Amino acid sequence: MRQQTISGVRLIEVPGNYKEKSLSSVVAEGLSKRQKSLPCRFFYDEVGSELFEQICKLPEYYLTRTERKILELNACEIIEAVGHDVTLVEFGSGNSAKTRLLVDAAFKRQNHVHYIPIDISSDFLLASSINLLSEYERLSITAIAAEYNDALPILPHPDDEPRLFLFLGSNIGNFSRLEAVAFVAQICRQMNREDRLLIGFDLVKDRNLLEAAYNDAAGITAAFNKNLLTRINHELGAEFILDSFTHWAPFVEEHSRIEMRLISRHRQTVYIDALEQTFHFESEEYIHTENSHKYTLETFAEICHAAGLEIQQRWLDERAWFGVALLKKIG
Ligand code: AVJ
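(A) Structural context of the packing of aromatic side chains. In total, this model carries 24 aromatic pairs according to the counting rule given. Centre to centre, the rings of Tyr44 and Phe224 are 5.7 Å apart; their planes meet at 65°, and the pair counts as edge-to-face. Taken as a pair, Tyr44 in the loop between α1 (23-30) and α2 (46-57) and Phe224 in helix α9 (residues 220-236) lie far apart in primary sequence, 180 residues in all. Of the residues examined, Phe224 reaches a relative accessible area of 2% and is grouped as buried. A centroid spacing of 5.2 Å and a plane angle of 70° characterise the contact between Tyr62 and Trp321, whose relative ring orientation is edge-to-face. Here the residue Tyr62 occupies a position in helix α3 (residues 62-82), and Trp321 occupies one in the loop between β14 (309-316) and β15 (322-329), the gap between them amounting to 259 residues. Using a relative accessible area of 16% as the deciding quantity, one classes Trp321 as buried. A connected cluster of aromatic rings, assembled from ring pairs, spans Phe43, Tyr44, Phe52, Tyr61, Tyr214 and Phe224. A cation sits over an aromatic face here: Lys36 above Phe281, 4.9 Å from the ring centre. Sitting over the face of the ring of Tyr286, Arg261 holds its NZ or CZ atom 4.2 Å from the ring centroid.

(B) Fine view of the state of the cysteines. In the structure shown here, the tally under the stated rule is zero disulfides. The thiol of Cys56 is not disulfide-bonded; the next cysteine sulfur, from Cys40, is found 14 Å away.

(C) View of the confidence of the model for the protein chain. Overall, the prediction assigns the protein chain a mean pLDDT of 95, with 98% of residues at 70 or greater. By mean pLDDT, helix α6 (residues 148-151) is the weakest element of the protein chain at 89, and strand β10 (residues 257-264) is the strongest at 99.

(D) Broad picture of the side chain of Arg196. Its location among the elements puts Arg196 in strand β7 (residues 196-202). For the buried Arg196, no salt bridge is present, and the opposite-charge side chain at shortest range is Glu194, 6.7 Å distant. Among the polar contacts listed, one links the side chain of Arg196 to the backbone oxygen of Glu194, at a separation of 3.3 Å. If we ignore the near neighbours within four places in the chain, the residues touching Arg196 are Val82, Arg163, Leu164, Phe165, Met191, Gln312, Leu326, Leu327 and Lys328.

(E) Looking closely at the nonpolar core. Counting 74 residues, the largest nonpolar core has Val27, Leu139, Leu164, Leu198, Phe240 and Ile272 as its most contacted members. With nine residues, α3 is the single largest residue contributor to this core. With 34 residues, the next largest nonpolar core counts Ala151, Ala185, Leu197 and Phe300 among its residues.

(F) Just the site of the ligand, in detail. Neighbouring residues of the ligand: 15 residues in total, closest Tyr61, Gly169, Tyr214, Glu290 and Ser292. Here Tyr214 contributes a side-chain N or O atom positioned 2.5 Å from an oxygen atom of the ligand. Between the ligand and Glu290, the relevant distance is 2.7 Å, taken from a nitrogen atom to a side-chain nitrogen or oxygen of the residue. Of all the secondary structure elements, the ones that give two or more residues to the shell around the ligand are α2, α9 and β13 (286-293). Residues of the shell around the ligand, tallied by class, amount to eight nonpolar, six polar and one charged.

(G) Local environment of the packing of α3 against helix α4 (residues 96-107). Following both chains from N to C, one finds α3 and α4 inclined at 15°, their axes separated by 8 Å at the closest point. Of the possible angle classes, the one that applies to α3 and α4 is roughly parallel. Between α3 and α4 lies a crossing whose hand is right-handed. Between α3 and α4, the contacting residues are Thr64, Glu67, Arg68, Leu71, Glu72, Ala75, Cys76, Ile78 and Ile79 on the first element and Lys98, Leu101, Leu102, Ala105 and Ala106 on the second.

(H) Local environment of the pairing of strand β12 (residues 277-281). Both strand β11 (residues 268-272) and β12 contribute to a ladder of five bridges, which runs antiparallel. Directly across from Gln268, in β12, lies its bridge partner Phe281. Adjacent in sequence and paired antiparallel, β11 and β12 are bridged by four residues, among which Glu276 carries a positive phi angle near 45°.

(I) The arrangement of the sheet that holds strand β5 (residues 139-145) in detail. Spatially, nine strands are ordered β1-β2-β5-β4-β3-β6-β7-β15-β14 in an open sheet, and the strand pairing comes out mixed. Taken across any chain shown, the strands that pair with only one partner, and hence form the sheet edges, are β1 (2-6) and β14. If you compare each strand with its neighbour and ignore which way they point, the axes differ by 20° on average. Here strand β2 (residues 9-13) pairs with β5 via four bridges, running parallel. When the bridges of β5 are listed, Leu11 appears paired with Ala143.

Definitions and limits used
Residues numbered from 1 in each chain as written. Predicted model: local features only at pLDDT ≥ 70, side-chain atom pairs only at ≥ 80, totals over all residues. Heavy atoms only, no water. Phe/Tyr/Trp six-rings, centres within 6.5 Å; stacked < 30°, edge-to-face > 60°. Helix = DSSP H or I, 4+ residues; strand = E, 2+ residues; numbered from the N terminus. Buried < 20%, exposed > 50% of the residue type's maximum accessible area, 1.4 Å probe, protein only. Lys NZ or Arg CZ within 6 Å of the ring centre and 35° of its normal. Disulfide = S-S within 2.5 Å. pLDDT = per-residue confidence, 0-100. Lys, Arg positive; Asp, Glu negative; His and termini not counted. Salt bridge = Lys/Arg side-chain N within 4 Å of Asp/Glu carboxyl O. Polar contact = N/O pair within 3.5 Å; in protein donor to acceptor, adjacent residues only side chain to side chain. Contact = heavy atoms within 4.5 Å. Core = buried A, V, L, I, M, F, W, Y, C linked by side-chain atoms within 4.5 Å. Near = heavy atom within 4 Å. Nonpolar A, V, L, I, M, F, W, Y, C, P; charged D, E, K, R; others polar. Axes fitted to C-alpha atoms, helices over the stretch in contact; angles between N-to-C directions. Parallel < 35°, antiparallel > 145°, perpendicular 65-115°, else oblique. Left-handed = near helix turned anticlockwise from the far one by under 90°. Pairing = 2+ DSSP bridges.

If you want it as structure tokens, here you go:
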């Protein structure tokens, strides 16, 4: 663990120890399974992160703007519901626009705000923290560059200030039910009675609306999905031909989730130099690259309860497309 102060930002790095596997090992493993799959966290290299920002602005991708609207309307009520002099802890610091709404709301009630963003990418974390610091005079930032799991036990724990943990953007949707319960339970174990957790979650709705959001007309989501193949080509010396795969993201009702897929357009083999291995694809065979779970109010509440939390208050947009829940420890 390394601590330093850069341009006013206290940066704590929890290095190495990344339990996360490298691209080459997940590709070797994922493409050898009967149902081929790759983990979605590899979407976010520089190009992928830029494409995701474009996705957030697409007319079909309602998630980001709907959640932002909910926060715009209710940030003050949310901060109020937590109590006085709140410290903000955010999982994933890529939500700076939404973070600002909560920081602004906090400053309406308190003199000073401590903000603690957690992200694996220390460069990105530092850049966005310095940016934020320059905008707010009475803000202090402790940025933690670490896996969420590694960050939780070392979080500052002011004994007079409740902490508001933020897990926004429907990022929880990437988890299976079991993973979601485990993650929320892990946060729950670090929470005391006054602390709160704010989660943004996407709701089940007409499948045409869901599928449009993940199969946009401009093809940005397709490019985002195929960027995984580009990464594998560049980083592992592979020979994926992008035009030989089709992006398709159906809503799979049985699991109540969107599944991002890369479908092989014909029989083909692809050689990956770094693995010295060839992978075979049947026509129509697909690589499953991401899950994005959609909840009902009941299925979401059930996950929270299983993790030891209850919903104190909940906000929806007027179409009930997206939810933001404020959670506290049960009992
Ligand atoms: C960042 C995980 C919330 O699941 O909607 C967007 C990622 N994938 N379009 C989502 C994503 C395809 C997004 N999350």
